[in-house]
Amino acid sequence: MTALPAFQPDWDSSPDARPQEVALPLFAAGQCPDLDTSVVDLRFRALVGEAGWMRLPMAVQRRFSKRLAAGAVLIYAGEVLETRLSRAGKVLSFLARVLGAPLPLDDGMTGGATVAVMENAGLGGQSWTRTYARAGRFPQVIHSAKCFSGPTGLEEHVGRGVGMSLSVVEENGALVFRSVRYFLALGRWRIPVLRAIAPGDMEIVHKDEGGGAFLFTLTLSHRWFGTLIRQTARFHDA
């Protein structure tokens, strides 16, 4: 076990809970007056490495070099193009509701989507909130936090102390995040989850399409059950 700063989520873990209104300034990407353009965020660049970073399109470099002022929210709007859940994926997604439903809930889900990013110094990184439309239901809201810590330099926490260490690389002009290990945070400790009971290998790809658009593709694969979940969404800078 490795002693690292604890992560204490403070959100409602119920996936169907109605979001509470929060008095925060909201700005479209590229139109945020609280974006400090005098400060370049080098954290993702350092994780990718200089050679890989320079192979990324300028639009991707800009998106992952923005440092937001405290309290500002950066919004990306778009739509889910495809969501596929296998039978095992549906079971896993249902069980993960206890963590705040961090995985897509509905097979075949498409429709409007937004991503909100905030700098969160208290967590040592960024808070991410993803909202997905659900026909005839309240939207699914997924909360997570990217913390620049741990053995790989980047962790993603999804609630109830559960998180994963991520690697970040450039591949074919895209920015690719991959799970390295899952863990349970108890106080200052990180307890690794055994691979035999881990949910699978997570891969998230951010691929620029030009014109201010980019694709977000999430794939969760298991060595025994194959592809459990695959979701593709297109977002826009403004």
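Located above this text is the structure these notes cover.
Residues numbered from 1 in each chain as written. Predicted model: local features only at pLDDT ≥ 70, side-chain atom pairs only at ≥ 80, totals over all residues. Heavy atoms only, no water.

### Looking at the overall build of the protein
Worth spelling out the cut-off: Counting from the N terminus, the helices are the DSSP runs of H or I reaching at least four residues and the strands are the DSSP runs of E reaching at least two. Any residue under 20% of the maximum accessible area for its type is buried, any over 50% is exposed, and the rest in between are partly exposed; the area is computed with a 1.4 Å probe on protein chains only. Residue contacts follow a heavy-atom distance rule, with two residues in contact if any of their heavy atoms lie within 4.5 Å. Method for areas: the Shrake-Rupley scheme with a 1.4 Å probe, in which residue coverage is limited to the protein chains shown.
Secondary structure summary: the protein contains four helices and 13 strands in total. Taken over 238 residues, the protein has a buried fraction of 45%. Counted over contacts in the protein with a minimum sequence separation of 6, partners at least 24 positions apart contribute 54%. Accessible area of the protein: about 12,000 Å², with a carbon and sulfur share of 58%.

### Notes on the packing of aromatic side chains
To keep it simple, the criterion reads: Think of it this way: a Phe, Tyr or Trp ring, Trp meaning its six-membered ring, pairs with another when their centres are within 6.5 Å, and the plane angle makes it stacked under 30 degrees, edge-to-face over 60, tilted otherwise. For a ring to carry a charge above it, either NZ of a lysine or CZ of an arginine must fall within 6 Å of the ring centroid while also lying within 35 degrees of the normal to the ring plane.
Following the criterion strictly, the structure yields seven aromatic pairs and no others. Ring geometry for phenylalanine 44 versus phenylalanine 177: centroids 6.3 Å apart, planes at 85 degrees, classification edge-to-face. Here phenylalanine 44 is found in helix α1 (residues 43–48), whereas its partner phenylalanine 177 is found in strand β9 (residues 174–186), with 133 residues between them in sequence. Relative accessible area serves as the criterion here: at 2%, phenylalanine 44 is assigned to the buried category. Judged by its relative accessible area of 5%, phenylalanine 177 is buried. Aromatic rings pair up to connect Phe44, Phe64, Phe148 and Phe177 into one cluster. Taking NZ or CZ as reference, lysine 146 lies 4.2 Å from the ring centre of tryptophan 128, over its face. Seen from the ring of phenylalanine 177, lysine 146 lies directly overhead, with NZ or CZ sitting 5.7 Å from the centre.

### Description of the layout of surface pockets
Worth spelling out the cut-off: Within this scheme a cavity is a closed region of a 1 Å grid, computed over the protein atoms alone, that accommodates a 1.4 Å probe without allowing it to escape, whereas a pocket is open but has protein on both sides within 12 Å along at least five of seven lines; lining residues each have an atom within 4 Å of a point. Grid points are joined across faces, edges and corners, and a volume is the space filled by probe spheres set on the points. Throughout, the ten residues Ala, Val, Leu, Ile, Met, Phe, Trp, Tyr, Cys and Pro are labelled nonpolar, Asp, Glu, Lys and Arg are labelled charged, and all others, Gly among them, are labelled polar.
Taken as a whole, the second largest pocket spans an internal volume of roughly 530 Å³. If you go around the second largest pocket, you meet 29 residues; those closest to its centre are Pro102, Leu103, Val158, Tyr182 and Met202. For the lining of the second largest pocket, the elements supplying multiple residues, two or more each, are α4 (87–95), β5 (125–134), β6 (137–147), β7 (155–159), β8 (162–171), β9, β11 (201–210) and β12 (213–222). Split by residue class, the lining of the second largest pocket holds 23 nonpolar, four polar and two charged.

### Topic: the environment of glycine 100
Checked against the element boundaries, glycine 100 lands in the loop between α4 and β4 (111–120). Residue classification places glycine 100 among the buried residues on the basis of a relative accessible area of 11%. For the pair formed by glycine 100 and valine 158, sequence separation is 58 residues and the distance between their alpha carbons is 7.4 Å.

### As for the side chain of aspartate 106
To be explicit about the condition: Whenever a nitrogen or oxygen atom comes within 3.5 Å of another N or O atom, the pair is scored as a polar contact, on the condition that within protein one atom can donate a hydrogen and the other can accept it, and that pairs from neighbouring residues in sequence are kept only if both atoms are in side chains.
Mapping aspartate 106 onto the fold places it in the loop between α4 and β4. On the basis of relative accessibility, which here comes to 18%, the residue aspartate 106 falls in the buried class. A distance of 2.9 Å separates a polar atom in the side chain of aspartate 106 from a polar atom in the side chain of arginine 134. When residues no more than four places from it in sequence are discounted, the contact partners of aspartate 106 are Thr83, Leu85, Arg134 and Arg137.

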